[in-house]
Amino acid sequence: MKKIKVKAYAKINLSLDVLGKREDGYHEISTVMQSIDLADILEFEKNEIVKVFCSDHRVPEGEDNLIVKVINLLKEKYQKKEGVLVKLNKKIPLAAGLAGGSADAAATIVALDKLWNLNMSKEEKKEIALKVGADVPFCLEGGTKLAKGIGEIFENLKVPSMSLLLVKPDIEISTKEIYDKWDRLNFKSHHATFLVAQAIQEGNIYKIAENIKNDLELVTSRECEVINQIKEELLKKGALGCAMSGSGPTVYGIFDDLERLKRAYEDLKEVYSFVFFSKTIDKGLELYE
Ligand SMILES: C[C@](O)(CO)[C@H](O)COP(=O)(O)OP(=O)(O)OC[C@H]1O[C@@H](n2ccc(N)nc2=O)[C@H](O)[C@@H]1O
Ligand SMILES: Nc1ncnc2c1ncn2[C@@H]1O[C@H](COP(=O)(O)OP(=O)(O)OP(=O)(O)O)[C@@H](O)[C@H]1O
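Residues numbered from 1 in each chain as written. Chains lettered and ligands numbered in written order. Predicted model: local features only at pLDDT ≥ 70, side-chain atom pairs only at ≥ 80, totals over all residues. Heavy atoms only, no water.

## Section: the environment of Asn156
Here is step 1: Relative to the elements of secondary structure, Asn156 occurs in strand E6 (residues 153-157).
Here is step 2: For Asn156, a relative accessible area of 60% gives the class exposed.
Here is step 3: As a C-alpha pair, Asn156 and Glu141 span 15 residues in sequence and 9.9 Å in three-dimensional space.
Here is step 4: Residues contacting Asn156, with those up to four places away along its chain left out, are Thr144 and Lys145.
Here is step 5: Side-chain polar atoms of Asn156 contact the side chain of Lys145, separated by 2.6 Å. (Helix = DSSP H or I, 4+ residues; strand = E, 2+ residues; numbered from the N terminus. Buried < 20%, exposed > 50% of the residue type's maximum accessible area, 1.4 Å probe, protein only. Contact = heavy atoms within 4.5 Å. Polar contact = N/O pair within 3.5 Å; in protein donor to acceptor, adjacent residues only side chain to side chain.)

## Some remarks on the packing of aromatic side chains
Here is step 1: On inspection of all chains with the given rule, the structure shows 3 aromatic pairs.
Here is step 2: Here the aromatic rings of Phe138 and Phe154 are separated by 6.5 Å at their centres, their planes lie at 70°, and the arrangement is edge-to-face. Residue Phe138 is located in helix H4 (residues 136-141), and its partner Phe154 is located in strand E6; the two are separated by 16 residues in the primary sequence.
Here is step 3: Ring geometry for Trp182 versus Phe187: centroids 5.8 Å apart, planes at 50°, classification tilted.
Here is step 4: For Trp182, a relative accessible area of 6% gives the class buried.
Here is step 5: We classify Phe187 as partly exposed; its relative accessible area is 27%.
Here is step 6: Here Lys51 stacks its cationic end above the ring of Phe53, 5.4 Å away from the centre of that ring. (Phe/Tyr/Trp six-rings, centres within 6.5 Å; stacked < 30°, edge-to-face > 60°. Lys NZ or Arg CZ within 6 Å of the ring centre and 35° of its normal.)

## Looking at the site of ligand 2
Here is step 1: Residues in close proximity to ligand 2 total 20 residues, the closest being Ala95, Gly97, Ala99, Gly101 and Asp135.
Here is step 2: Here Gly100 contributes a backbone N or O atom positioned 3.4 Å from an oxygen atom of ligand 2.
Here is step 3: Asp135 has a polar side-chain atom sitting 2.7 Å from an oxygen atom of ligand 2.
Here is step 4: When the free accessible area of ligand 2 is taken as 610 Å², the share hidden by the protein chains comes to 81%. (Near = heavy atom within 4 Å. Areas by Shrake-Rupley, 256 points an atom, 1.4 Å probe, with all protein chains shown as cover.)

## Description of the environment of Gln198
Here is step 1: Looking at where Gln198 falls in the secondary structure, it is placed in helix H6 (residues 193-202).
Here is step 2: According to the relative accessible area criterion, Gln198 is partly exposed, its value standing at 28%.
Here is step 3: For the pair Gln198 and Leu157, spaced 41 residues apart in sequence, the C-alpha separation works out to 9.8 Å.

## Digging into the site of ligand 1
Here is step 1: Every one of the 16 residues lining ligand 1 counts as a neighbour, but Tyr26, His27, Ala134, Asp135 and Tyr179 are closest to it.
Here is step 2: Contact distances for ligand 1 include 2.6 Å between an oxygen atom and a side-chain N or O atom of Asp135.
Here is step 3: One of the side-chain N or O atoms of Tyr179 is found 2.7 Å from an oxygen atom in ligand 1.
Here is step 4: When isolated, ligand 1 has an accessible area of 640 Å², and the protein chains bury 85% of it.
Here is step 5: Contributions of two or more residues to the shell around ligand 1 are made by strand E1 (3-21), strand E2 (27-47) and helix H5 (175-185).
Here is step 6: Among the elements that make up the shell around ligand 1, the one with the highest residue count is H5 (3 residues).
Here is step 7: Among the residues making up the shell around ligand 1, the classes are represented as 5 nonpolar, 8 polar and 3 charged.
Here is step 8: Both domains that meet at the shell around ligand 1, namely domain 1 (3-152) and domain 2 (163-279), each give it at least three residues. (Nonpolar A, V, L, I, M, F, W, Y, C, P; charged D, E, K, R; others polar. Domains from an automatic or database assignment.)

Right, dumping it as structure tokens:
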């Protein structure tokens, strides 16, 4: 029986400017999105029924799972009667600001396109992706992108390779709540994206690290003081710069010295439940048939 295996990579936001609220409730943003070397592994196999098995029991296995959402959208669009078995080996922490569910959704689009011989165009894949979530179109493409709109209008960038330390405190964040609070709190954007994109174009990791900034950090760190604490610790331990990813709570630091990074990893893993040594990569998905 044909099986397809996909590695679905997480993302971080090297910048995130919130520019305003649209009529549909979504926010216009300007952000630099970056794939990182931290991935869920998914296996897809033809079957009569639809069933998702996940290694982490906190992940919903029914209709709320973004994988199931993609399967149902594709079944409807292409009038498919068959099902699929999906095994998800979850490595990307949940509700962490790292687009874990979105990466799984993107993986499902490319896997089912192959498994069900759908011959989807790039535009058709993107259309399904956007129906599932704002981060899913990025996860389909991956790499480094300047993203506008609600995060789906792209310009390619090429980032120099960077070593990162990710630290996630033990809290889970609702993206919707954080955007809602952004409106209520009336914060002003830092407009960091332009400077970060410029630094990337110059290939200058020091300038990138100096400028990384995420507007949503203003909201999340109000409730989770630990975010500022992690940032302070990362800087003290030699990070060139650090910021929160997405709606949080994961914080990452950029390092140019692997010895310092290793020491920071050893120290911080004694304190926080998820500490991960990662690096930037140039793709969002990897498919094995
Ligand atoms: C914070 C980021 O991760 C940064 O890349 C994204 O903007 C969020 O992307 P996502 O989690 O895929 O978002 P979705 O699942 O589509 O939306 C969750 C909720 O976040 C809010 N949302 C999301 C994206 C956006 N540009 N504006 C928003 O206001 C909406 O209230 C929406 O109901
Ligand atoms: N395949 C999936 N993997 C993880 N969570 C999923 C999945 N499908 C649905 N969910 C639900 O979505 C919630 C948010 O999960 P996810 O890990 O995608 O958040 P996130 O990384 O903060 O996303 P983003 O960065 O795109 O805002 C989870 O708490 C879970 O209930």
